[in-house]
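Examination of the molecular architecture
Below are the chains, spelled out letter by letter.
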Amino acid sequence: MNVEDVRRDFPILHQEVNNHPLVYLDSAATSQTPAQVIDAIDDYYRRYNSNVHRGVHTLGSLATDGYEGARETVKRFLGAKRTEEIVFTRGTTAALNLVASSYGRANLTDADEIVITPMEHHSNIIPWQQAAKATGAQLKYIPLQPDGTMSIEDIRSTVTEKTKIVAVTHVSNVLGTVNPVKEIAELAHENGAVIVVDGAQAVPHMSVDVQEMNVDFYAISGHKMCGPTGIGALYGKKKWLKNMEPVEFGGEMIDFVDLYDSTWKELPWKFEGGTPIISGAIGMAAAIDYLQSIGLEEIEAHEQRLVTYAVSRMNEIEGVNVYGPEKRAGLVTFNCEGVHPHDLATVLDSKGVAVRAGHHCAQPLMKWLDVTATARASFYLYNTEEEVDVFVEALKKAKEYFGDVFI
Amino acid sequence: MSSSDQLDTLYRQVIMDHYKNPRNKGELQDGDTLKINMNNPTCGDRIQLQMKVEDGKIAEAKFIGEGCSISLSSASMMTQAIKGLDVDEALQMSDIFSKMMLGEEVDDSKFDLGDIEALQGVSKFPARIKCATLAWKAMEQGLSDGEDEDDDD
């Protein structure tokens, strides 16, 4: 993989922000979009925009082919067994909500437990809190080790015969922890539970196979993997999805509609009420094609080089605290003594460097870290070592700028 | 304008002074105080503002909280400025402050804004306006809650 070639594919990267070349280190929030994806969406709107599944006219057929072809692409990308196991959603949040609202509420009772972790994004906490409130089930947390990982012993002692659902993130959006999903799935299944995985931070950066990991549900977002916003997907094993009730009702998802009762389409369309996100799905499929043309292994290796280099350079700066385990995905969350993350992000922005500051939609994890906020730099295939240098120098400047405040 | 000049319009010396030495930081011991908790859900900043209102006047104002230089210095300046003001005047001042944050021209003849004028530069940093207005929003909520109780609607 040649990073200069990759960068040429991303028009947005070639601009100045506050009179400095843009250094975009916020891909864990939203990744940038290559021309190939922009073109695919553009082509859809210019050439065959029309509604799907009503395929009498030509454009309708083309749109249906594009949309259903995108489903096929996602299926292959995730290693799913069947195409109908892929449901398009608005994103990971909507996918996780679908599982919690449909599978969760139908299968949980007040004798059951839901097991999650403190490192979850709010989107993999709140749907379970709500399902627990609605059914009387108990919500339990697997404790974290001081470095932000989980021990198999702790997972084993938290997941019990009472557990019906284990919901866990594949990669933490704050700590960069890569969780042993396959092992957790095994423990969940031994206890008769299903495992629901938030894959939003994993699929953009590593090769994922849902059958190999033997997970029951897996949720992803398009906009974190070079695709557009507003599209994502839920993978679910057919044996679960086929018995689940839809959560949204209306057009597109019905079979027969009578005055007082209706029946649903077959999988996966019963979960896709309303005109679907056609251009989004087509854009997401183009993003998958793009990532696969470069190779997920190459992308992962590139990010690993960048994050290792970034952490080593950050450790040179006195007063910079890096959170998370040594073995991490391509992001680094940190604080700089004496500089609030907001102030830090503003100073970095003045140098053209975009980082995230705040609680990263993980307030329980901030509590665990005993901080109110942190800053995060996240890397992707288009970032370079030179950009890491610019970031580190800007970090030093921020420290200098605020350094004398507290002396 | 160079990027460090730009930063200087945001982080004026007086702001840094309030950040480093916040005025009125602490808790009012008196039981008869208004306490308003306010947070900025997008970033985790939080503040508790305490005010003692006597005969329609803000007799005391203190705050505790965690946040960035802009939110804490703004809280510090605000508590300084509203002490001794009538409730109405404090709300008017808050209105002036909101306008200032939007970069609008404000009539500053009515009040001595003092240090608060140093926060004018925040208007050029849209992402930080919510930091600056956090304490003011708490004040507005506290004072208008009192009003709501008198209303029938």
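Residues numbered from 1 in each chain as written. Chains lettered and ligands numbered in written order. Predicted model: local features only at pLDDT ≥ 70, side-chain atom pairs only at ≥ 80, totals over all residues. Heavy atoms only, no water.

Considering the overall build of chain B
In terms of helices and strands, chain B carries five helices and three strands. In terms of overall dimensions, chain B is globule-like: its C-alpha atoms have a radius of gyration of 15 Å, near the 15 Å expected for 153 residues. Looking at chain B as a whole, 47% of its 153 residues are labelled buried. Sequence separation of 24 or more characterises 58% of the internal contacts of chain B that already satisfy a separation of 6 or more. When the accessible surface of chain B is totalled, it reaches about 7500 Å², and 42% of it is carbon and sulfur. Charged side chains in chain B number 16 positive and 31 negative. The centres of these two groups are separated by 9 Å. (Helix = DSSP H or I, 4+ residues; strand = E, 2+ residues; numbered from the N terminus. Rg over C-alpha atoms; globule rule 2.2 N^0.38 Å. Buried < 20%, exposed > 50% of the residue type's maximum accessible area, 1.4 Å probe, protein only. Contact = heavy atoms within 4.5 Å. Areas by Shrake-Rupley, 256 points an atom, 1.4 Å probe, with all protein chains shown as cover. Lys, Arg positive; Asp, Glu negative; His and termini not counted. Charge placed at Lys NZ, Arg CZ, Asp CG, Glu CD.)

Examining the pattern of salt bridges
Counted according to the given criterion, the structure contains 26 salt bridges over all chains. In this structure, lysine 140 of chain A engages glutamate 113 of chain A in a salt bridge whose closest nitrogen and oxygen atoms are separated by 2.9 Å. Highlighted residues: lysine 140 of chain A in strand β6 (residues 138–141) and glutamate 113 of chain A in strand β5 (residues 113–116), separated in sequence by 27 residues. Its relative accessible area of 23% is what places lysine 140 of chain A among the partly exposed residues. A salt bridge links lysine 57 of chain B to aspartate 86 of chain B, with the nearest nitrogen and oxygen atoms 3.0 Å apart. Placement of the pair is lysine 57 of chain B in strand β3 (residues 57–66) and aspartate 86 of chain B in the loop between α3 (69–82) and α4 (87–101), with a sequence separation of 29 residues. We classify lysine 57 of chain B as partly exposed; its relative accessible area is 39%. Take aspartate 86 of chain B: its relative accessible area is 30%, and that puts it in the partly exposed class. Counted as one network, the salt bridges with shared partners bring together Arg313, Glu316, Asp389, Glu393 and Lys396 of chain A. (Salt bridge = Lys/Arg side-chain N within 4 Å of Asp/Glu carboxyl O.)

A few points about the sheet that holds strand β10 (residues 232–236) of chain A
All names here are of chain A. Within the open sheet, the seven strands sit side by side as β4-β10-β9-β8-β7-β5-β6. Their pairing is mixed. Sheet topology places β4 (86–89) and β6 at the edges, where each strand pairs with a single neighbour. Going across the sheet, the axis of each strand differs from the next one's by a mean of 20°, ignoring polarity. Note: β5 against strand β7 (residues 163–169), three bridges, orientation parallel. Within β7, the residue paired with valine 115 across the bridge is valine 166. Those strands touched by helix α4 (residues 92–107) are β4, β7, β8 (194–198), β9 (217–221) and β10, and its axis lies near 155° from that of β9. Along the sheet, helix α7 (residues 181–190) makes contact with β7 and β8, crossing β8 at roughly 155°. (Pairing = 2+ DSSP bridges. Axes fitted to C-alpha atoms, helices over the stretch in contact; angles between N-to-C directions.)

Quick notes on unusual backbone geometry
All names here are of chain A. Cis geometry is adopted by the peptide bond preceding proline 268, which originates at leucine 267 and carries an omega value of -5°. Considering the arrangement of structural elements, one finds proline 268 in the loop between β12 (262–264) and α10 (278–294). Notably, asparagine 18 is not glycine yet its phi reads approximately 50°, a positive angle. Mapped onto the secondary structure, asparagine 18 falls in the loop between β1 (16–17) and β2 (20–21). Judged by its relative accessible area of 27%, asparagine 18 is partly exposed. In this structure, glutamate 252 is a non-glycine residue whose phi angle is positive, near 70°. By relative accessible area, glutamate 252 is classed as buried at 10%.

A closer look at the pairing of strand β11 (residues 254–257) of chain A
The pairing of β11 of chain A with β12 of chain A spans two bridges and is antiparallel. Paired with valine 257 of chain A across the two strands is serine 262 of chain A, which belongs to β12 of chain A.

Here's the deal with the packing of helix α2 (residues 35–48) of chain A against helix α3 (residues 58–78) of chain A
All names here are of chain A. Between α2 and α3, the least distance of the axes is 10 Å, while the angle of their chain directions is 160°. For the element pair α2 / α3, the angle class is roughly antiparallel. Between α2 and α3 lies a crossing of left-handed hand. Counting all contacts with α2, which are made through Tyr44, Arg47 and Tyr48, the residues of α3 involved are Leu59, Leu62 and Ala63. Residues belonging to the contact of α2 with α3 are distributed by class as follows: five nonpolar, no polar and one charged. (Parallel < 35°, antiparallel > 145°, perpendicular 65-115°, else oblique. Left-handed = near helix turned anticlockwise from the far one by under 90°. Nonpolar A, V, L, I, M, F, W, Y, C, P; charged D, E, K, R; others polar.)

Here's the deal with the packing of helix α11 (residues 296–314) of chain A against helix α14 (residues 385–403) of chain A
All names here are of chain A. One way to put it is that α11 packs onto α14 with a least axis distance of 10 Å and a crossing angle of 25°. Relative to α14, the element α11 lies roughly parallel. Between α11 and α14 the crossing geometry is right-handed. Contacts between α11 and α14 involve Leu306, Tyr309, Ala310, Arg313 and Met314 from the first element and Glu385, Val388, Asp389, Phe391, Val392, Glu393, Leu395 and Lys396 from the second. Its residues assigned to classes, the contact of α11 with α14 comprises eight nonpolar, no polar and five charged.

Treat this as a map of the structure, not an account of what it does.
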